[in-house]
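Structural description and commentary
Here is how the chains run, residue by residue.
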Amino acid sequence: MSDTNDKKPPARKPLTLKKPGVGGPRSGSSAGRMKSVVVETKKKKLVGRPAKPGAPNAAPRVAPKPTPDAPVDKVAEEARKQGLSKSEYVKRQEALKSAAAEQSKKDALRKAEEDERKRRMEEERKALDAKRKAEEEAELRRLAEEEEERKREEAEAARRAPTVAQKLLAEDDNKDNADKNALEQAGGRIKKKRGGGPKAKTATKPNNDRRRKGKLTIVSALSGDEERQRSLASVRRAREREKERQRGQGNEKLKVAREVTIPESITVGDLANRMAERTSDVVKYLMKQGTMATVNDVLDADTAQLVAEDFGHNVKRVAEADVEDDFINAAPEDADNLKSRAPVIAVMGHVDHGKTSLLDALRATDVAAGEAGGITQHIGAYQLKLKSGQAITVLDTPGHAAFSAMRTRGAEAVDIVVLVVAADDGVKPQTIESISHAKAAGAPIIVAVNKMDTYEADARKVETELLQYEIITESMSGETQSVHVSALKKTGLDDLAEAIGLQAELMDLKANPDRDADGLVIESKVEKGRGPVATLLVKRGTLKRGDIVVAGSYWGKVKAMMDERNTQLKSAGPSIPVAVMGFDGAPMPGEPFAVVENEAKAREITEYRLRKAKNDAAAKPSAMASMEQMMAKLQGKEVSEMPVLVKGDVQGSVEAIRSSVEGAGNEEVQARVIHGAVGAISESDVLLAKSSSAPILAFNVRPNRQAKDLAEREGVEIRYYSIIYDLLDDVKGVLQGMLAPERRETFIGYAEILEVFNISKIGKVAGCRITEGRVERACGVRLLRENVVIHEGMLKTLKRFKDEVEKVQAGMECGMAFENYEDIRKGDQIECFTVEYVERKLA
């Protein structure tokens, strides 16, 4: 063999399944040799989680060999199940055991306290029962002893009755002697201090007088040696108690059932008073029923009825409006008590037809000359005596359109209506309205054709015009009387008086003067130094000075009564108009009045009416305001309001001004009266006008000095009027100024766009030809594209060639530019128009 074969082969490493380099990091070199690095690793101690069987470097777990005598660690097993260490598990178990022990201790303590409380309650209950039983037994024994004592005393009294007086005297003597003996025995030291001697001997001297000597002393009162006897009064009281007991009355009072009047609402205290029960009993009853109420709490009618019935009373339910049931007695009068009365006549007709002048001619006075503007502006009430001696009562009503409410009241209060028509003017609107009021009131009509002395007078024409309104005069075969008169020449007055007397005789007017007065309020005002003054027309009964009168929401005691001549009257019978002083306010004209029995009744009625009016006023405006707001939102309009404050001389004038002013507007502007009253302008009126930014309209009244100075300082405007025409004209003028002007549009021409030019610094300019009409600079334009309006605005530029021009006529070419709009195209049409604003007027 060769040398190479003789060489010894190198030793080989034993075979193993482990790959080289596995189990630790390796470090390499550039030559490619590998050098293993030994890394020492520490195994993590896992508690409660075994290592995965296939994990690297995992040491095999060797299960300990169980021995039959080795105990199982249950604590560790439970801790392992809950994922806790043994120490944590032990601490948790100890905490739970301590909490359970604490809770059981608390439960035991609570149970002991509950048992102790029950035991104490049981002992207290037994003690109370024993005490109550002992008290009952003691009371029974006391009653038995009293009964036995009473019987014994009655027997003794009956036996000794004949000599009671003598025995009483003897008892007094015995008491005196006993007192003296007690003094001798117990007052030795007192005798030594007083010196004894003869005084002591005289004190012990026997007394033969049987009358009682000296005063009652403390020693005699405290000594119980003597025998006390009952007095005669005590015996009599005992006998009376026995008689009452025998009659069954005893000490308890019988329950009295009363009739309890219950209104719609009543307080607890008032209900208790009406039932004659203690208020505390009523409150306790309500509390038992679950209602916590005090004395001043208000109960409804149903609850009050249940309470009264449970207390054993009879209930009578009344409504709040029942206070007015007997306000005016409408029962038929006995025919024997009726007496003839004067007729009440209303003179009605159109304004300036001579109504007041006709009345002046009848009574030979001149009232029309003193009226502002020559027109009547409030109702005048007079009583006239005709030449025949017959008395008539006349109401002169206004004829202006604003006084429609006055004409209505005049027609309702009268028996006969005298319709005055001017022969030279004919039937007018207020004439027609007066006819309607008279027919509604059912009053007969007498036509007086006035101004027969004028050249244009035509009575036949007037009577013919009245046919349209079913007024057929006697000259035309009708039943309505017609009289031709002249107030200026005083002709036909006798015929008119005769016609009135004949109509009154046919009606056979009668009334009972011997009863409480009632009637209507004709007019009211507030006079300086007099206060509220109301003109009343008595329809039935007799109104006397000192009567309690209720009219509307006001009441008063009649302090003074005057007729139309300011003559003081003590009484006023049927059909007599009088001015009455004493009301606490100015009642509304047209309100019925009546005399009531006392002031309490008057207050009850007026308070109910004021409360009702307040509730109605609170409910009505809110609904109206909401409807107005809703309509304004739906229509997209806003209503402009002009607030005003109205003060007048009489209530009727204020009412007429209010209705006329509030009706003068339209759907865009309105006048609103924030306050209207009679009397002079006061400082409170000025302050109200200042806060509301409203002018004050003064009708026949003036402000006092303080109010005038305040108005000047605050800048409040006060306007004075004496004629209602001027007032309404001023209000309408202000409302017309508040109206938005009317916009009127006038077409002037058409233009066609031929070309559109874009010029710097100007924008787009349309080269146009005027096809119809003309185009003016600064006019209104509409851009039409295929006959559809796509823009409306103003013309900014109008040029011809390079010059600005005022207008361009038809057939000429020009350049046009719009304000703030440049979307113009070739072929568009331009419609040109002018706009003017015209001032509007109220209808």
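Residue indices begin from 1 for each chain and proceed along its sequence in written order. Owing to the predicted nature of the model, reporting of local features is limited to residues with pLDDT of at least 70; listing and counting of side-chain atom pairs is limited to 80 or more, with chain, interface and lining totals taken over all residues. Note that the side-chain values use all heavy atoms of the structure and ignore hydrogens as well as water.

Quick word on the overall build of the chain
The condition that has to hold: Helix and strand definitions here come from DSSP, where helices need a minimum of 4 consecutive H or I residues and strands a minimum of 2 consecutive E residues; each element is numbered from the N-terminal end. Buried, partly exposed and exposed residues are distinguished by accessible area as a fraction of the type maximum, computed with a 1.4 Å probe on protein chains only: under 20%, between the cut-offs, and over 50%, respectively. The contact criterion used throughout is that any non-hydrogen atoms of two residues lie within 4.5 Å.
Scanning the chain from N- to C-terminus turns up 21 helices and 35 strands. Residues counted as buried form 34% of the 843 residues belonging to the chain. Taking the intrachain contacts of the chain between residues at least 6 apart in sequence as the baseline, contacts between residues at least 24 apart amount to 68%.

Focus on the pairing of strand 29 (residues 763-776)
Short version of the rule: At least two bridges found by DSSP between two strands are what make those strands a pair.
The sheet contact formed by strand 28 (residues 742-759) and strand 29 spans 10 bridges and is antiparallel. Its bridge partner lying in strand 29, V756 is registered against A766. Counting the residues between successive antiparallel strands, the hairpin from strand 28 to strand 29 contains 3 residues, one of them, K761, with a positive phi of roughly 65 degrees. With 4 bridges connecting them, strand 29 and strand 34 (residues 813-818) associate as antiparallel partners. The residue of strand 34 that forms the bridge with C768 is C814. For strand 29 and strand 33 (residues 807-809), the ladder comprises 3 bridges, and the chain directions are antiparallel. Among the inter-strand pairings, E776 is bridged to a residue of strand 33, identified as K807.

Observations concerning the sheet that holds strand 27 (residues 718-721)
Operational definition: To define axes, lines are fitted to C-alpha atoms, for helices over the stretch in contact only, and angles between the resulting N-to-C directions are given on a 0 to 180 degree scale.
Taken in spatial order, the 4 strands make up an open sheet running 25-24-26-27, and their pairing is parallel. Because the sheet does not close on itself, it has two edges, and the strands there are strand 25 (669-678) and strand 27. When strand polarity is set aside, the average angle formed by the axes of neighbouring strands in this sheet is 25 degrees. The pairing of strand 26 (residues 696-699) with strand 27 spans 4 bridges and is parallel. Its bridge partner being in strand 27, F699 is matched across the sheet by Y721. In this fold helix 19 (residues 683-692) packs onto strand 24 (640-648), strand 25 and strand 26, with an angle of close to 175 degrees to the strand it touches most, strand 24.

Here we look at the packing of helix 9 (residues 268-275) against helix 10 (residues 279-288)
Packed helix pairs are characterised by how far apart their axes lie and by the angle those axes make with each other. Under the convention used in this document: An angle below 35 degrees is read as roughly parallel, one above 145 as roughly antiparallel, one from 65 to 115 as roughly perpendicular, and any other as oblique. Each helix crossing is assigned a hand: it is left-handed if the near helix lies turned anticlockwise from the far helix by less than a right angle, otherwise right-handed if that turn is clockwise. All residues other than Ala, Val, Leu, Ile, Met, Phe, Trp, Tyr, Cys, Pro, Asp, Glu, Lys and Arg, Gly among them, are scored as polar; the first ten of these are nonpolar and the last four charged.
One way to put it is that helix 9 packs onto helix 10 with a least axis distance of 9 Å and a crossing angle of 120 degrees. On the basis of their axis angle, the class for helix 9 and helix 10 is oblique. When you trace helix 9 past helix 10, the crossing you get is right-handed. For the pair formed by helix 9 and helix 10, the contact residues are V268, G269, A272 and M275 on the first element and T279, V282, V283 and L286 on the second. Classifying every residue of the contact of helix 9 with helix 10 by side-chain character gives 6 nonpolar, 2 polar and no charged.

A short note on the pattern of salt bridges
This is how it is decided: When a carboxyl oxygen of Asp or Glu lies within 4 Å of a side-chain nitrogen of Lys or Arg, that pair is called a salt bridge.
One pass over the structure, following the stated rule, counts 42 salt bridges. Taking the shortest distance from any N to any O, the salt bridge between R150 and E242 comes out at 3.1 Å. Placement of R150 in helix 3 (residues 86-160) and of E242 in helix 8 (residues 232-247) is noted, with a sequence separation of 92 residues between them. Between R782 and E831 there is a salt bridge whose closest N-O contact spans 3.1 Å. Remark: E831 occurs in strand 35 (residues 829-838) and R782 occurs in strand 30 (residues 780-784); sequence separation between them is 49 residues. In terms of burial, R782 and E831 fall into one category: buried. Here the salt bridges share partners, and the residues they tie into one network are R743, E745, R782, E792 and E831.

Regarding the nonpolar core
Our working rule: To qualify as a nonpolar core, a set must consist of buried Ala, Val, Leu, Ile, Met, Phe, Trp, Tyr and Cys residues joined through side-chain atoms within 4.5 Å.
In terms of nonpolar packing, the biggest core is built from 25 residues, with L395, V417, I445 and L466 touching the most fellow members. Breaking this core down by element, the ones donating at least two residues are strand 8 (344-349), strand 11 (416-422), helix 14 (429-441), strand 12 (445-450), helix 15 (459-466) and strand 15 (518-527). Those residues in contact with V417 that sit more than four places away from it in its chain are A346, M348, A438, A443, P444, I445 and I446. Among the nonpolar cores identified, the runner-up in size contains 24 residues, and I392, V420, A487 and L496 belong to it.

Section: the packing of aromatic side chains
Applied cut-off: Pairing of aromatic rings covers Phe, Tyr and Trp, the last through its six-membered ring, and needs centres within 6.5 Å; plane angles under 30 degrees mean stacked, over 60 mean edge-to-face, and all others mean tilted.
Counted by the stated rule, this structure contains 2 aromatic pairs. Judged by centre distance (5.6 Å) and plane angle (65 degrees), the ring pair of Y285 and F311 falls under edge-to-face. One end of the pair, Y285, is in helix 10; the other, F311, is in the loop between helix 11 (301-310) and strand 6 (314-317), and 26 residues separate them in sequence. With a centroid separation of 4.9 Å and an interplanar angle of 55 degrees, the aromatic rings of F747 and Y750 are classed as tilted. Take Y750: its relative accessible area is 25%, and that puts it in the partly exposed class.

Some points on the environment of R530
By the secondary structure assignment, R530 is in the loop between strand 15 and strand 16 (531-540). Each C-alpha atom of the pair R530 and M581 lies 7.2 Å from the other, and the pair is 51 residues apart in sequence. Those residues in contact with R530 that sit more than four places away from it in its chain are M562, N566 and M581.

Things to note about a negative patch on the surface
Stated formally: Candidate patch residues must exceed 30% relative accessible area and have no salt bridge, after which like charges are joined if within 9 Å and Val, Leu, Ile, Met, Phe, Trp or Tyr side chains if within 5 Å. In these tables, accessible area is a Shrake-Rupley quantity obtained with a 1.4 Å probe, and a residue counts as shielded only by the protein chains included in the view. Charged residues are defined narrowly, with Lys and Arg counted positive, Asp and Glu counted negative, and His plus the chain ends left uncounted. By convention, charge coordinates are those of NZ in Lys, CZ in Arg, CG in Asp, or CD in Glu.
Where like charges cluster on the molecular surface, the negative patch consists of E264, D322, D325, D326, D516 and E597. Topologically, D322 is positioned in the loop between strand 6 and strand 7 (339-340).

Some points on helix 19
One full turn of an α-helix is made of 3.6 residues, so residues set three or four places apart face in the same direction. For clarity, the threshold we go by: The reported arc concerns the directions from the helix axis to the C-beta atoms and nothing else.
All of the buried residues in helix 19 are D685, V686 and A689. Relative to the axis of helix 19, the buried residues are bounded by an arc of 100 degrees and lie together on one face. Residues of helix 19 that are buried in the fold lie against strand 24, strand 25, strand 26 and helix 20 (705-714). One or two steps after helix 19, the chain reaches S693, where phi turns positive at roughly 55 degrees.

Here's the deal with unusual backbone geometry
One non-glycine residue, A778, lies in positive phi territory at about 65 degrees. With respect to the secondary-structure elements, A778 resides in the loop between strand 29 and strand 30. If you check the backbone angles, N787 has positive phi at about 60 degrees while not being a glycine. Considering the arrangement of structural elements, one finds N787 in the loop between strand 30 and strand 31 (789-800). Residue classification places N787 among the exposed residues on the basis of a relative accessible area of 73%.

Some remarks on the confidence of the model for the chain
Applicable threshold: Along the chain, pLDDT gives the predictor's confidence residue by residue, from 0 to 100.
Within the chain, residue pLDDT values average 77, and 75% of them lie at 70 or more. A low-confidence stretch, residues 62-68 (pLDDT under 50), is modelled with 0 contacts involving residues beyond four sequence positions or located in other chains. Low confidence marks residues 186-213, where pLDDT is under 50. Its contacts with residues over four positions away, or in another chain, come to 19 contacts.

Describing the pairing of strand 24
Consecutive side chains along a regular strand alternate between the two faces of the sheet. Test applied: Place the viewer so that the strands point away; then a crossover is right-handed whenever the path from the first strand over the helix to the second strand goes clockwise.
Along strand 24, 7 of the 9 residues are buried, which leaves the element largely enclosed by surrounding structure. Since strand 24 and strand 25 lie parallel, the crossover through helix 18 (residues 651-662) that links them has a hand, and here it is right-handed. By the bridge criterion, 4 bridges tie strand 24 to strand 26 in an arrangement that is parallel. The residue of strand 26 that forms the bridge with V646 is L697.

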